[in-house]
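Coordinate inspection notes
One letter stands for each residue in the lines below.
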Amino acid sequence: MKLKLCNIKVDGNVEQPINQNLVINLKWLAIAMIVLALAGVFLYVWWNRSSDSERYWLTESTGRIHKEGCVYYQKTKGRFVTGRKNYLLCRRCFGIPAKTQKK
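Residues numbered from 1 in each chain as written. Predicted model: local features only at pLDDT ≥ 70, side-chain atom pairs only at ≥ 80, totals over all residues. Heavy atoms only, no water.

A tally of helices and strands in the protein chain yields 1 helix and 4 strands. Along the chain direction, N to C, the helices and strands of the protein chain fall in the order α-β-β-β-β. Looking at the 103 residues of the protein chain, the share that counts as buried comes to 15%. Partitioning the contacts of the protein chain with sequence separation of at least 6, the portion at a separation of at least 24 is 35%. (Helix = DSSP H or I, 4+ residues; strand = E, 2+ residues; numbered from the N terminus. Buried < 20%, exposed > 50% of the residue type's maximum accessible area, 1.4 Å probe, protein only. Contact = heavy atoms within 4.5 Å.)

This is the structure:
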């Protein structure tokens, strides 16, 4: 299947060949876009994985983050996050004592 991008209308006597200089081949354009999209995804994943020292596991139910080696690390339903700002810290792996109840 060939896709025509434009039609050239020629009137009169044509003695020299007609050249179309700007022809976009959609197949190669689509391949280039797919390659660039895959490269972008690869770079995004690599960038997120490159800072392993600052990756934490965020437990969705409690909103607490856990270090690697914690008993809750990847054992609960959650996702990876980078950095510890704006998250509650795990009491076990960050060494935070439990809140004492007031009498």
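Taking strand neighbours across the sheet as the criterion, the 4 strands line up as β3-β1-β2-β4 in an open arrangement whose pairing is mixed. A single partner strand is all that each edge strand has here, and the edge strands are β3 (78-82) and β4 (88-89). For strand β2 (residues 64-66) and β4, the ladder comprises 2 bridges, and the chain directions are parallel. For Ile65, the partnering residue across the bridge sits in β4 and is Leu89. (Pairing = 2+ DSSP bridges.)

Another aspect to go through is the pairing of strand β1 (residues 55-59). Here is the key point about a regular strand: its side chains alternate between the two faces of the sheet. Judged by how many residues are buried, β1 sits mostly within the fold: 5 of 5 residues are covered. Of the two faces of β1, the one carrying Arg55, Trp57 and Thr59 and the one carrying Tyr56 and Leu58 are both buried. Direction of pairing for β1 relative to β2: antiparallel, over a ladder of 2 bridges. Its bridge partner being in β2, Leu58 is matched across the sheet by Ile65. Hairpin geometry of β1 and β2 is characterised by an intervening segment of 4 residues between the two adjacent antiparallel strands and by a positive phi of about 75° at Gly63.

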